[in-house]
Amino acid sequence: MERVPLERKVLSENDRIASGLRARFAEHGILCLNFISSPGSGKTSLLERTLASFAAGEGVAVLTGDIQTENDAKRLAKSGFPVKQITTGGTCHLDARMIERALEDWRLEDLELLLIENVGNLVCPSSYDLGEAAKIVVLSVTEGEDKPLKYPSIFFKSSLLVLNKIDLLPHVPFDIDAAEANARRTHPGIDIVRVSCQTLEGMPDWLAWLERTRTASRAVVAAS
Ligand SMILES: Nc1nc2c(ncn2[C@@H]2O[C@H](COP(=O)(O)OP(=O)(O)OP(=O)(O)O)[C@@H](O)[C@H]2O)c(=O)[nH]1
Ligand SMILES: [Mg+2]
């Protein structure tokens, strides 16, 4: 079979499973967020800081994707919240089937927020719907302000851009205003927050975005 029709078939099968997941998340009132970035931009660090902001016993859980190791799950499990590693064994993105399998032995009734850290990659994960309510793209200041123009798909599909590692701005030639302008050129409606997972600068802006999104999601559940 030619590559393009095969790719289309794989993606439509993924879409079918993802819409089943989305329906289950809606049924259980779960907000699911899919974090995507290049390797090392700070997805796990952002999730560590985020989990630390929650009260013990909140209905929060994390799935974290990696090609090879369990390192991120070990880091995130220190929070005390349920965490599961999905090791893809070479695949450069998570897909909906992997999420479905990972959720098999979790009680969705107990969850209100599901955070998914995708495999570090700015290209492939953008094509695979995981049933999430929103994608969040993380870009760090060491990566170059042109990335939203070079990899437009993930910036176009994301609801929020987290510009991370702003503590490094004095040390790198990164024009953060140009990065934001490039992101808005690709996706005019994208929300943007600037944070440092190191110094915690900007963290309240990210947590406020998350809280607004959780409130909006609860309102949808209440109305349905
Ligand atoms: N200076 C600085 N370093 C940071 C910041 N956030 C993360 N780092 C560092 O960047 C490195 C990568 O961070 P991770 O959180 O592992 O990045 P990741 O996106 O989860 O990486 P992958 O899972 O491999 O894709 C680590 O050494 C972090 O300590 C930040 O805000 N400032
Ligand atoms: Mg990580």
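Preceding this section is the structure that the text describes.
Every value quoted in this text rests on a predicted model; they were computed, and no experiment measured them.

Criteria and cut-off values
Residues numbered from 1 in each chain as written. Chains lettered and ligands numbered in written order. Predicted model: local features only at pLDDT ≥ 70, side-chain atom pairs only at ≥ 80, totals over all residues. Heavy atoms only, no water. Helix = DSSP H or I, 4+ residues; strand = E, 2+ residues; numbered from the N terminus. Rg over C-alpha atoms; globule rule 2.2 N^0.38 Å. Buried < 20%, exposed > 50% of the residue type's maximum accessible area, 1.4 Å probe, protein only. Phe/Tyr/Trp six-rings, centres within 6.5 Å; stacked < 30°, edge-to-face > 60°. Expected span 1.5 Å × (residues − 1). Arc of directions from axis to C-beta. Contact = heavy atoms within 4.5 Å. Near = heavy atom within 4 Å. Polar contact = N/O pair within 3.5 Å; in protein donor to acceptor, adjacent residues only side chain to side chain. Areas by Shrake-Rupley, 256 points an atom, 1.4 Å probe, with all protein chains shown as cover. Nonpolar A, V, L, I, M, F, W, Y, C, P; charged D, E, K, R; others polar. Donors = N, O, S within 2.8 Å, 3.2 Å for Na, K, Ca; no water.

Asker: Would you take a moment to explain the overall build of the chain for this structure?
Answerer: The number of helices and strands found in the chain is 8 helices and 7 strands. Relative to a compact globule of 224 residues, whose C-alpha radius of gyration would be 17 Å, the chain shows 17 Å and is just as compact. On the principal axes, the C-alpha backbone points of the chain span a range of 50 × 45 × 40 Å. Within the chain, the fraction of its 224 residues that count as buried is 48%.

Asker: Can you walk me through the packing of aromatic side chains in this structure?
Answerer: For any pair of aromatic rings, the description consists of the separation of the ring centres together with the inter-plane angle of the planes. Evaluated as defined, the whole model comprises 3 aromatic pairs. With 5.9 Å between their ring centres and 80° between their planes, Phe35 and Trp206 make a pair best called edge-to-face. One end of the pair, Phe35, is in strand β1 (residues 31-36); the other, Trp206, is in helix α8 (residues 203-223), with 171 residues separating them in the sequence. You'll find Phe35 and Trp206 in the same group, each marked buried. Taken together, a centroid distance of 6.2 Å and an interplanar angle of 90° make the contact between Phe54 and Phe81 edge-to-face. Of this pair, Phe54 sits in the loop between α2 (43-52) and β2 (60-66) while Phe81 sits in the loop between α3 (71-77) and β3 (83-87); the two residues are 27 residues apart in sequence, bridging distant segments of the chain. Residue classification places Phe54 among the buried positions, given a relative accessible area of 11%.

Asker: Sorry if this is basic, but what is going on with α8 here?
Answerer: The terminal C-alpha atoms of α8 lie 30 Å apart, and with 21 residues this matches the ideal 30 Å at 1.5 Å per residue to within 8%. Among the residues making up α8, those that are buried are Met203, Trp206, Trp209, Leu210, Thr213, Arg214 and Ser217. Taken around the axis of α8, the buried residues stretch over an arc of 130°, which confines them to a single face. Every exposed residue of α8 that faces more than 90 degrees away from the buried side is listed here: Pro204, Arg212, Ala222 and Ala223.

Asker: When you look at the side chain of Asp72 in this model, what are you seeing that I'm missing?
Answerer: Along the chain, the position of Asp72 falls in helix α3. Exposure remark for Asp72: the relative accessible area of 12% places this residue in the buried category.

Asker: I'm lost on the environment of Leu31 in this one. Help?
Answerer: Within the secondary structure layout, Leu31 lies in strand β1. Since its relative accessible area comes to 4%, Leu31 is described here as buried. Placed 13 residues apart in sequence, Leu31 and Thr44 show a C-alpha to C-alpha distance of 19 Å. Not counting chain neighbours up to four residues away, the residues in contact with Leu31 comprise Glu112, Leu113, Leu114, Ala133, Thr213, Arg214 and Ser217.

Asker: How do you make sense of the site of ligand 1 when you look at a structure like this?
Answerer: Near ligand 1, the surroundings consist of 20 residues, among which Lys43, Thr44, Ser45, Asp167 and Cys197 are the closest. Within the contact set of ligand 1, an oxygen atom lies 2.7 Å away from a side-chain nitrogen or oxygen of Lys43. Within the contact set of ligand 1, an oxygen atom lies 2.6 Å away from a side-chain nitrogen or oxygen of Ser45. Here ligand 1, which alone exposes 660 Å², has 72% of that area covered by the protein. Looking at the shell around ligand 1, the elements with two or more residues in it are α2 and α3. Among the elements that make up the shell around ligand 1, the one with the highest residue count is α2 (3 residues). Classifying every residue of the shell around ligand 1 by side-chain character gives 3 nonpolar, 11 polar and 6 charged.

Asker: I'm lost on the coordination of the magnesium ion (ligand 2) in this one. Help?
Answerer: For a metal bound by four donors in a tetrahedral arrangement, the ideal donor-metal-donor angle is 109.5 degrees, while six donors in an octahedral arrangement ideally sit at 90 or 180 degrees. All of the protein donors around the magnesium ion (ligand 2) are Thr44 (OG1), Asp72 (OD) and Glu117 (OE); their distances to the metal are 2.0 to 2.1 Å. Coordination of the magnesium ion (ligand 2) draws on donor residues from a single chain, spaced T-x27-D-x44-E in sequence. Residue Thr44 is located in helix α2, and its partner Glu117 is located in strand β4 (residues 113-117); the two are separated by 73 residues in the primary sequence.

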